[in-house]
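What the coordinates show
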Amino acid sequence: MSGSTGSGTRTKTDGRVERGNQTRRLVLGRTMDIASVEGLEGLSLGRIATELELSKSGVFALFGSKEELQLATVRAAVAVFAGRVVAPLEDLPPGARRVRELCRNWLAYSAERVFAGGCFFYAVSAEFDARTGPVHDAVAGARRDWTAYVEGALTEARAVGEFVEDLDAEQLAFEVIALMEAANAQSVLFGEPGAYALAERGVTARLLASATDKGRAALADPA
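This write-up is about the structure you can find in this document. (Residues numbered from 1 in each chain as written. Predicted model: local features only at pLDDT ≥ 70, side-chain atom pairs only at ≥ 80, totals over all residues. Heavy atoms only, no water.)

**Regarding the overall build of the protein chain**
Put simply, the test is: Secondary structure follows DSSP: runs of H or I at least 4 residues long count as helices, runs of E at least 2 residues long count as strands, and numbering of each begins at the N terminus. Relative accessibility decides the category of a residue: with a 1.4 Å probe and only protein chains considered, values under 20% of the type maximum give buried, values over 50% give exposed, and everything between is partly exposed. Here the open area of atoms and residues is found with the Shrake-Rupley method and a 1.4 Å probe, where only the protein chains shown may cover a residue.
Along the backbone of the protein chain there are 10 helices and 0 strands. Projecting the C-alpha coordinates of the protein chain onto the three principal axes gives extents of approximately 70 × 45 × 30 Å. In the protein chain, buried positions account for 39% of the 223 residues. Of the accessible surface of the protein chain, which amounts to about 11500 Å², a share of 56% is contributed by carbon and sulfur atoms.

**Quick word on helix α4 (residues 66-86)**
The test is simple: Expected span of a helix, by definition, is 1.5 Å for each gap between consecutive residues, and there is one gap fewer than residues.
Taking 1.5 Å as the rise per residue, α4 with 21 residues should run 30 Å; its terminal C-alpha atoms sit 29 Å apart, in good agreement. All of the buried residues in α4 are Leu69, Gln70, Leu71, Ala72, Thr73, Val74, Ala76, Ala77, Phe81, Val85 and Val86.

**Focus: the nonpolar core**
We apply this condition: Only buried Ala, Val, Leu, Ile, Met, Phe, Trp, Tyr and Cys residues count toward a nonpolar core, and they belong to the same one when joined by side-chain atoms within 4.5 Å. Only heavy atoms enter the contact rule, under which two residues are in contact if any of them lie within 4.5 Å.
Counting 62 residues, the largest nonpolar core has Leu40, Phe120 and Leu154 as the members making the most contacts within it. The leading source of residues in this core is α4, at 9 residues. What Phe120 contacts, discounting residues up to four positions off in sequence, is Met32, Ala35, Ser36, Leu40, Thr73, Val74, Ala77, Tyr109 and Phe115.

**Thoughts on the packing of α4 against helix α6 (residues 120-128)**
Let me state the cut-off plainly: Helix axes use the C-alpha atoms of the stretch in contact, all axes being lines fitted to C-alpha atoms, and the angles between their N-to-C directions lie in the range 0 to 180 degrees. Definitions for this section: a left-handed crossing has its near helix turned counterclockwise from the far helix by less than a right angle. A right-handed crossing has that turn clockwise. Side-chain classes are defined by residue name, with Ala, Val, Leu, Ile, Met, Phe, Trp, Tyr, Cys and Pro counting as nonpolar, Asp, Glu, Lys and Arg as charged, and the others, Gly among them, as polar.
Here α4 crosses α6 at 145°, and the two axes come no closer than 11 Å. Here the hand of the crossing between α4 and α6 comes out left-handed. Contacts between α4 and α6 involve Gln70, Thr73, Val74, Ala77, Val78 and Phe81 from the former and Phe120, Phe121 and Phe128 from the latter. Here the residues of the contact of α4 with α6 are counted per class, giving 7 nonpolar, 2 polar and no charged.

**A short note on the packing of helix α5 (residues 96-111) against helix α9 (residues 194-210)**
Our working rule: To sort the angles, those under 35 degrees are grouped as roughly parallel, those over 145 as roughly antiparallel, those from 65 to 115 as roughly perpendicular, and the leftovers as oblique.
Two numbers describe how α5 lies on α9: the axes approach to 11 Å, and their chain directions differ by 165°. By the angle between their directions, the pair α5 and α9 is classed as roughly antiparallel. By crossing handedness, the relation of α5 to α9 is classed as right-handed. For the pair formed by α5 and α9, the contact residues are Val99, Arg100, Cys103, Arg104, Leu107, Ser110 and Ala111 on the first element and Tyr196, Ala199, Glu200, Val203 and Leu207 on the second. Grouping the constituent residues of the contact of α5 with α9 by class yields 8 nonpolar, 1 polar and 3 charged.

**Structural notes on the environment of Ala130**
With respect to the helices and strands, Ala130 occurs in the loop between α6 and α7 (134-159). Separated by 33 residues in sequence, Ala130 and Phe163 have C-alpha atoms that sit 36 Å apart.

**Examining the packing of aromatic side chains**
For clarity, the cut-off: Within 6.5 Å between ring centres, the rings of Phe, Tyr and Trp (the latter by its six-membered ring) count as paired, and their orientation is classed by plane angle as stacked under 30 degrees, edge-to-face over 60, tilted in between. Ring-over charges, as used throughout, are those where CZ of Arg or NZ of Lys falls within 6 Å of the ring centre and within 35 degrees of the ring normal.
Taken as a whole and assessed by the stated rule, the structure comprises 7 aromatic pairs. Consider the rings of Phe81 and Phe121, whose centres lie 5.9 Å apart with planes at 85°: the pair is edge-to-face. Taken together, the positions of Phe81 in helix α4 and Phe121 in helix α6 put the pair 40 residues apart, joining distant regions of the chain. Phe121 matches Phe81 in its accessibility class, with the two residues each being buried. Grouped by ring-pair contacts, the aromatic residues Phe81, Trp106, Tyr109, Phe115, Phe120, Phe121 and Trp146 constitute a single cluster. Here the basic side chain of Arg131 rests over the ring of Phe128, its NZ or CZ set 4.6 Å away from the ring centre.

**Topic: a negative patch on the surface**
For clarity, the cut-off: Here, patches come from residues exposed beyond 30% relative accessible area and free of salt bridges, joined within 9 Å for like charges and within 5 Å for nonpolar side chains (Val, Leu, Ile, Met, Phe, Trp, Tyr). One speaks of a salt bridge when a side-chain nitrogen belonging to Lys or Arg is within 4 Å of a carboxyl oxygen belonging to Asp or Glu. We count Lys and Arg on the positive side and Asp and Glu on the negative side, and we leave His and both chain ends out. Charge positions are represented by NZ for Lys, CZ for Arg, CG for Asp and CD for Glu.
Negative charge collects at one region of the surface, where Glu165, Asp166, Asp168 and Glu170 lie side by side. Given the relative accessible area of 44%, Asp168 is considered partly exposed.

By themselves, these observations are geometric and do not establish any function.
Listed below in structure tokens is the structure:
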């Protein structure tokens, strides 16, 4: 008897948890798109509840405050970004081609409007760059992690002999990220998809300028 009751209780609890998780995913899917277009300040528990036809109390129970909703949105965007830009390269060994494909993935992530407003982090960085507080720190941390990842990919490529020994990974990472973000900004503002091709050519030129013969051969690989 007690075993049946316990099993039934667990089933009910598991069902509530799963419904809560589904609602959380639904909410965050919407908030990421809103934030990429209007900024994180465009989010509110009441607005989300109304747009998604949910109870405000239910949304409040999941997130508790506007700030927590903003932070959860940033965390969700990090996961989406990693899944689209970084994860597809897991089986590709370190080298110049991996760096090139990383940049191509970023350009595709922006061009395909994974987020409605283009790059989520470009949009919210402009909104929070001069502020302080937990949301600023979360946005800055995500940007810092991305820059460090690009620098790391370049450093690994140098270690396998595909970039010159005196490569300044920090400088080159800064330059290729700037080119990619310029394409995002121009495409979003003017509706010019050709900006991505310009950025890819610029990134490739910068990589080739710092590559060894081995690296240039890898960059010539169209795959």
